[in-house]
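These are the residues of each chain, in order.
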Amino acid sequence: MRIRRVRLEHVRAIETCELDFTGDVTVVHAPNERGKSTVIDAIRLALTTKATSKSAVVRGLTPAGADVGSLVELELETAAVHLTVRKRYNRDVETVLTVHAPQAATVTGDEAHDRLRELLDGDVDWTLFDALWLPQGRALDAVGLASDTLARQLGDGGAVDDAAHGDDVLARVEVAYLTLFTPTGRRRKDPLGDLDAHVATLRERRDELDAQLAELDEDIATLAELERSLPALQAEFDGPLREALEVATAAADTLGQLDERRRACVAELEAADERCKAGTEAVEARRAAIDELARLRTRIEERDADLVPAQERLDELEGALTKADDELRSLGDELEARREAQRRAEDALAWYDALQRHAQLDHRQRQVTRIVEDARQAAAALDAIVADEDMIAAIRAAARDLDRAELQRDAAAPTLDVRARRAVDLGVEDETVALEPDGAFTRHVSEPLTVRIGDVADITVRPAAGDRDAQRRVEDARRALAEACAQAGVADVDEADRVDAERRQHLAVLRARDDALASLLDGATPAELAAASDEAAAEAARAAARVDGDELADRDRSMLVDDVERARAATEAAAEAHERAQQQRDEHAAAVAAWQEQHANAQAEQDRDRDEEARRRRALDDAREAVSDATLDERRAAAREAADRAQAALDAVDAERAELDAERVQLEVTTARNAHETARRQLADARERRARLDAKLDALGSQGLGEQRGHVRAELERAEIDLRRLTQRADALELLRGALLAAREEATRTYLAPLRDAIVQLARLLFDTDDVDVELDEDLRIVRRTIGTARLEWDQLSAGAREQLAILSGLAAARLAGADGVPFILDDALGYTDPARMERISALIGQSTGVQVIVLTCVPERFRATGVVPTPLDAA
């Protein structure tokens with residue numbers, strides 16, 4: 001199927017448009033939200049939906065706020081038929097099907113829709129049509145291309161029959177396979193799993209019995225060994241080990257007594273050292289108090305000497321500050337006089353500017369008044385015009401319908417041609433036509449017509465019944481035009497055009513009004529402009545009260561500006577001098593404050609030192625009254641003698657301990673104790689093990705383990721034979737099923753090869769490498785792509801790669817389908833593609849011959865490499 005032409009009227013945002021799709025590749029461009037997708041939706045709706053439908057999709061065709069019918073006219077051809085279908089939805093509903101070939105015919109109403117579906121369903125693969133229509137966003141999904149058309153192009157009759165037979169065998173094998181395996185390939189619990197588990201249980205039981213019997217033999221040997229070793233262990237425990245422990249314990253007791261004496265000596269030495277330390281600290285604290293008191297006295301005397309010149313410097317700084325204050329007051333008076341002169345100059349300039357501003361605003365206000373009056377007159381004239389834009393459009397549409405009906409009537413009606421051999425008068429209805437020799441008279445006959453040839457003969461021409469239908473359509477169209485003109489209050493199309501021109505002229509005046517007012521008002525309203533003019537007049541009056549108008553009468557604005565600049569310069573100079581004087585005064589004040597603070601701080605520190613000296617002197621006197629300096633020295637000497645005696649006693653104890661060798665004694669005690677404890681534990685463990693083995697052998701002897709092992713081995717042998725047979729059957733089924741699946745996969749690869757090869761050929765050109773491949777699933781959908789050693793699933797590919805491969809697969813399918821195919825439609829594609837690949841893929845689209853490709857885009861530059869001149873979507 002090929003779409004040759006589409007015409008839309010009043011469809012969503014499209015008032016009217018017509019597109020020609022006769023070429024192999026058509027690129028239609030328009031900005032976003034201008035109706036590109038609407039064109040494709042309208043084509044699909046005209047092919048599938050009755051004009052009488054009330055669905056939400058059909059209702060959505062009507063433009064917002066409009067009460068008009070939505071017209072979709074579509075011309076297309078298939079391998080068997082060339083036709084035009086016109087459908088008007090929602091209002092003035094109509095359906096007209098015109099078959100141009102192979103046999104001309106016209107059908108209307110629901111019969112036309114049914115006939116359209118009958119003609120297209122026989123030639124159009126709607127599944128492939130859906131697959132090759134890539135709306136916005138669809139190009140990121142893998143395109144499933146499975147359809148009857150591609151199946152006919154890809155399939156081979158014998159191969160398909162063989163595949164069907166193989167599928168039947170595979171189905172029977174699959175039934176048997178699923179009795180032993182799950183669908184995911186795991187062996188079923190019943191029967192394979194249960195039998196396998198039973199064999200495993202028997203093997204575990206057999207191994208368990210073998211282990212128990214082996215352990216029984218080991219336990220008997222161990223018990224005999226224990227019976228032999230117990231007497232020797234008891235004799236060693238009671239003899240040598242006990243004697244060694246007693247000797248080592250006695251030596252350890254002696255060592256403990258020495259350690260106790262040593263701890264007492266250490267405690268006495270530490271106490272004596274503490275008393276000696278305390279005495280020394282008391283003596284040193286007394287000396288430190290005497291030294292600190294002397295340092296305070298010296299610092300007080302030095303500060304008394306420094307305070308006299310500091311007071312003299314403070315008096316000098318305060319005199320300089322008084323002088324700076326006097327100079328600052330004088331400069332302040334000068335600055336105020338300069339500022340007053342500047343204010344007078346600025347008032348004069350403000351008075352002049354206020355007068356100018358009032359003149360400008362008054363002029364703008366008069367212009368606004370004139371524009372508003374012109375617009376009022378245009379609006380009044382516009383209100384008097386009945387015909388609006390929709391009425392004019394309806395009149396023009398009715399006129400076009402009348403012209404079309406008259407052309408169709410004239411084309412189908414019989415034609416009367418008369419050529420005179422000599423001069424003759426013809427009587428035609430109520431008029432007489434005079435013909436000169438070789439003169440001709442021609443008339444299209446839609447009603448019975450009688451022509452009188454002089455007094456020779458009367459000739460009557462009668463049209464056929466179909467011609468009368470054409471005449472009735474002309475009359476209907478003429479009445480529709482008359483009704484449209486009457487509704488608009490005009491006599492004919494020419495008057496409608498004149499009224500429309502007047503209406504547009506008045507609208508232009510109103511639009512010009514808005515632009516002019518926007519420029520004059522500059523964002524304000526007329527009332528605000530008037531208020532601003534009044535305010536400017538008031539400001540001029542206020543400014544005039546502050547100046548002498550007579551004095552300024554001969555001065556222009558430049559002179560006033562010069563006066564202001566000179567006054568400002570003088571003010572700035574006075575301000576700078578005042579600021580320098582202020583800075584100097586602040587520096588003097590800061591110096592005075594700093595010296596005052598420094599002098600006050602020094603005096604405060606002197607007072608604190610005198611207080612501290614008195615406090616320390618009182619504290620020293622109190623301490624000497626409590627304990628004299630000589631008494632502190634005597635206490636420290638007595639503490640030192642006591643510490644020396646304690647150290648001598650400690651040295652004597654350490655000498656006795658060294659002779660005994662404490663480390664050797666401790667090692668012998670530890671060794672003897674460990675050996676004795678180890679022997680005790682070994683003896684107890686041997687007796688406990690002998691008791692456990694006796695009880696265990698008594699219990700196992702009554703279980704008949706040997707007889708149990710014989711029964712288990714026999715049952716295990718039978719179960720292993722059954723498992724081996726069932727496993728062999730499962731292995732055979734698994735092998736046969738794998739071979740059949742491999743054969744079917746090979747047949748599928750052969751079936752998919754032409755489409756895969758076509759896609760790969762395009763992909764090699766796009767990706768600029770021969771080392772590229774794609775894999776398809778049973779729905780002819782790309783599931784993975786390989787470049788070199790990089791093999792990626794579809795969802796792992798970038799958005800750009802997915803978009804490119806989706807377009808390539810659709811283009812390859814359209815080429816394979818050939819004359820039996822459908823248009824390949826791309827709506828705003830290549831939004832994710834880089835410039836280099838965009839150019840290559842558009843070139844591949846441009847090379848499509850014998851295949852219809854329709855591209856709708858808001859960026860026509862993406863498809864320059866197609867070699868096709870883009871068609872603008874002029875949706876009025």
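For the structure, see preceding data.
Rules used in this analysis
- Residues numbered from 1 in each chain as written.
- Predicted model: local features only at pLDDT ≥ 70, side-chain atom pairs only at ≥ 80, totals over all residues.
- Heavy atoms only, no water.
- Helix = DSSP H or I, 4+ residues; strand = E, 2+ residues; numbered from the N terminus.
- Contact = heavy atoms within 4.5 Å.
- Expected span 1.5 Å × (residues − 1).
- Buried < 20%, exposed > 50% of the residue type's maximum accessible area, 1.4 Å probe, protein only.
- Arc of directions from axis to C-beta.
- Pairing = 2+ DSSP bridges.
- Axes fitted to C-alpha atoms, helices over the stretch in contact; angles between N-to-C directions.
- Parallel < 35°, antiparallel > 145°, perpendicular 65-115°, else oblique.
- Nonpolar A, V, L, I, M, F, W, Y, C, P; charged D, E, K, R; others polar.
- Phe/Tyr/Trp six-rings, centres within 6.5 Å; stacked < 30°, edge-to-face > 60°.
- Lys NZ or Arg CZ within 6 Å of the ring centre and 35° of its normal.
- Core = buried A, V, L, I, M, F, W, Y, C linked by side-chain atoms within 4.5 Å.
- Patch = residues over 30% accessible without salt bridge, like charges linked within 9 Å, V, L, I, M, F, W, Y side chains within 5 Å.
- Areas by Shrake-Rupley, 256 points an atom, 1.4 Å probe, with all protein chains shown as cover.
- Salt bridge = Lys/Arg side-chain N within 4 Å of Asp/Glu carboxyl O.
- Lys, Arg positive; Asp, Glu negative; His and termini not counted.
- Charge placed at Lys NZ, Arg CZ, Asp CG, Glu CD.

Colleague: Teacher, can you tell me more about the overall build of the protein chain here?
Modeller: Each helix and strand in the protein chain was counted, giving 19 helices and 20 strands. Long-range contacts, defined here as pairs at least 24 residues apart, represent 71% of the contacts in the protein chain between residues at least 6 apart.

Colleague: Would you explain helix 12 (residues 526-545) in this entry?
Modeller: Each α-helix turn comprises 3.6 residues. Residues three or four places apart therefore point the same way. For helix 12, built from 20 residues, the straight-helix expectation of 28 Å at 1.5 Å per residue is met to within 8% by its first-to-last C-alpha distance of 29 Å. Every buried residue belonging to helix 12 is among Leu529, Ala530, Ser533, Ala536, Ala540 and Ala543, and all of these are buried. Axial view of helix 12: buried residues confined to an arc of 150°, hence all on one face. The exposed residues of helix 12 that point more than 90 degrees off its buried face are Ala527, Asp534 and Ala545.

Colleague: How should I be thinking about the sheet that holds strand 15 (residues 772-776) in this particular structure?
Modeller: Neighbouring strands of a sheet are bound in pairs by backbone hydrogen bonds; such pairs are parallel or else antiparallel. Taken in spatial order, the three strands of this open sheet run 15-16-17, and their pairing is antiparallel. Looking at the sheet topology across the chains shown, the edges are occupied by strand 15 and strand 17 (790-793). The sheet shows a mean angle of 15° between the axes of neighbouring strands, direction not considered. For strand 15 and strand 16 (residues 782-787), the ladder comprises five bridges, and the chain directions are antiparallel. Bridge assignment links Asp773 to a residue of strand 16, and that residue is Thr786.

Colleague: Quick question: what am I supposed to make of the pairing of strand 2 (residues 14-20) here?
Modeller: Side chains on a regular strand alternate between the two faces of the sheet. Taken together, the six bridges between strand 1 (residues 2-11) and strand 2 define a ladder with antiparallel strand orientation. Note that in strand 2 the partner of Arg5 across the bridge is Asp20. The antiparallel hairpin formed by strand 1 and strand 2 contains two residues in its connecting segment, where Arg12 sits at a positive phi of about 50°.

Colleague: It is not clear to me how the packing of helix 1 (residues 36-48) against helix 3 (residues 109-121) should be interpreted in this structure. Could you clarify?
Modeller: Each pair of packed helices can be summarised by the angle the axes make with each other and by the distance between the axes. Closest axis-to-axis distance for the helix 1/helix 3 pair is 8 Å, and the angle between their directions is 100°. Classified by the interaxial angle, the pair formed by helix 1 and helix 3 is roughly perpendicular. Seen from helix 1, the contacting residues are Ala46, Leu47 and Thr48; seen from helix 3, they are His113, Leu116, Arg117 and Leu120. Residues that form the contact of helix 1 with helix 3 fall into these classes: four nonpolar, two polar and one charged.

Colleague: Looking at this structure, I do not really get the packing of aromatic side chains. What am I missing?
Modeller: The description of two aromatic rings rests on the distance between their centres and on the angle between their planes. Scanning the entire structure with this criterion turns up one aromatic pair. Taken together, a centroid distance of 5.7 Å and an interplanar angle of 75° make the contact between Trp126 and Phe129 edge-to-face. Of this pair, Trp126 and Phe129 are both found in helix 4 (residues 126-131), three residues apart, which corresponds to roughly one turn of the helix. Under the relative-accessibility criterion, Phe129 is labelled buried at 4%. For Arg785, the ring lying beneath its charged end belongs to Phe767, and the centroid distance is 5.3 Å.

Colleague: What am I meant to see in the environment of Pro860 here?
Modeller: On the secondary structure map, Pro860 appears in the loop between strand 19 (853-857) and strand 20 (871-872). Sequence-distant contacts of Pro860, that is, excluding residues within four places in its chain, are made with His29 and Pro870.

Colleague: Whenever I open this one, the environment of Lys323 confuses me. Can you help?
Modeller: By the element assignment, Lys323 lies in helix 8 (residues 240-384). The class for Lys323 is exposed, based on a relative accessible area of 64%. For the pair formed by Lys323 and Arg585, sequence separation is 262 residues and the distance between their alpha carbons is 8.6 Å.

Colleague: When you look at the side chain of Thr95 in this model, what are you seeing that I'm missing?
Modeller: Structurally, the position occupied by Thr95 is in strand 6 (residues 94-101). Those residues in contact with Thr95 that sit more than four places away from it in its chain are Ala51, Arg86, Lys87, Val107, Thr108, Gly109, Ala112 and His113.

Colleague: Looking at this model, I keep getting lost on the nonpolar core. Mind explaining?
Modeller: Generally speaking, nonpolar side chains in soluble globular proteins are found buried as a group. In this structure, Leu8, Ile43, Leu145, Leu755, Ile807 and Phe824 are the most contacted members of the largest nonpolar core, which totals 92 residues. With 10 residues, helix 18 (residues 799-817) is the single largest residue contributor to this core. Leave out the neighbours within four places in its chain, and Ile807 touches Leu134, Phe824, Leu826, Ala829, Leu830, Ile841 and Ile845. If you look at the next biggest cluster of nonpolar residues, it comprises 18 residues, including Leu402, Ala405, Cys485 and Val490.

Colleague: What am I meant to see in the packing of helix 18 against helix 19 (residues 835-846) here?
Modeller: It is the contact of helix 18 with helix 19, at a shortest axis distance of 11 Å, that shows an interaxial angle of 10°. Put simply, helix 18 runs roughly parallel to helix 19. Contacts between helix 18 and helix 19 involve Gln804, Ile807, Leu808, Leu811 and Arg815 on the former and, on the latter, Arg837, Ile841, Leu844 and Ile845. Residue composition of the contact of helix 18 with helix 19, by class: six nonpolar, one polar and two charged.

Colleague: In this structure, what is going on with unusual backbone geometry? I would like to understand it.
Modeller: A negative phi holds for most residues other than glycine; trans holds for most peptide bonds. Following Ala101, the chain continues into Pro102 via a peptide bond in cis, with omega recorded as 10°. Residue Asp768 is not a glycine yet carries a positive backbone phi of 60°. With respect to the helices, strands and loops of the structure, Asp768 is situated in the loop between helix 17 (705-767) and strand 15.

Colleague: How do you make sense of helix 18 when you look at a structure like this?
Modeller: With 19 residues, helix 18 extends 27 Å from end C-alpha to end C-alpha; this agrees with the ideal 27 Å at 1.5 Å per step. Counted residue by residue, helix 18 has 16 buried out of 19 residues, so it is predominantly covered. Note on helix 18: the residue one or two positions beyond its end, Gly818, has a positive phi of about 65°.

Colleague: Help me out: how do you make sense of a negative patch on the surface in this one?
Modeller: Together, Glu270, Asp273, Glu274, Glu281 and Glu284 line one region of the surface with negative charge. Looking at the element boundaries, Glu270 is found in helix 8.

Colleague: What am I meant to see in the pattern of salt bridges here?
Modeller: Note on pairing: side chains with opposite charge can pair once their charged atoms come close. Across all of its chains, the model carries 43 salt bridges by this definition. Of the charged contacts, one joins Glu73 and Arg86 as a salt bridge, the two residues approaching to 3.9 Å between their closest N and O atoms. Taken as a pair, Glu73 in strand 4 (residues 70-77) and Arg86 in strand 5 (residues 82-89) lie far apart in primary sequence, 13 residues in all. Residue class for Glu73 comes out buried when judged on its relative accessible area of 10%. A residue is classified by how much of its surface remains accessible, and Arg86, at 24% relative accessible area, is partly exposed. Among the ionic pairs, Arg504 bridges to Asp500, the shortest N-O distance being 2.9 Å.

Colleague: Any chance you could explain the sheet that holds strand 13 (residues 449-453) here in plain terms?
Modeller: Across the sheet, which stays open at both edges, the four strands sit in the order 11-10-13-14 with antiparallel pairing between neighbours. One side of each edge strand has no neighbouring strand; the edge strands of this open sheet are strand 11 (431-435) and strand 14 (457-461). Taken pair by pair, the neighbouring strands of this sheet meet at an average axis angle of 25°, ignoring direction. Across five bridges, the pairing between strand 13 and strand 14 is antiparallel. Paired with Leu449 across the strands is Val461, a residue of strand 14.

Colleague: Honestly, the environment of Gln487 in this entry has me stumped. Any pointers?
Modeller: If you trace the backbone, Gln487 turns up in helix 10 (residues 465-488). Residue classification places Gln487 among the exposed residues on the basis of a relative accessible area of 56%. The sequence separation of Gln487 and Ile395 amounts to 92 residues, and the corresponding C-alpha distance is 9.5 Å. Those residues in contact with Gln487, other than ones at most four positions away along the chain, are Val386 and Met391.

Function-wise, these values are silent; they only describe arrangement.
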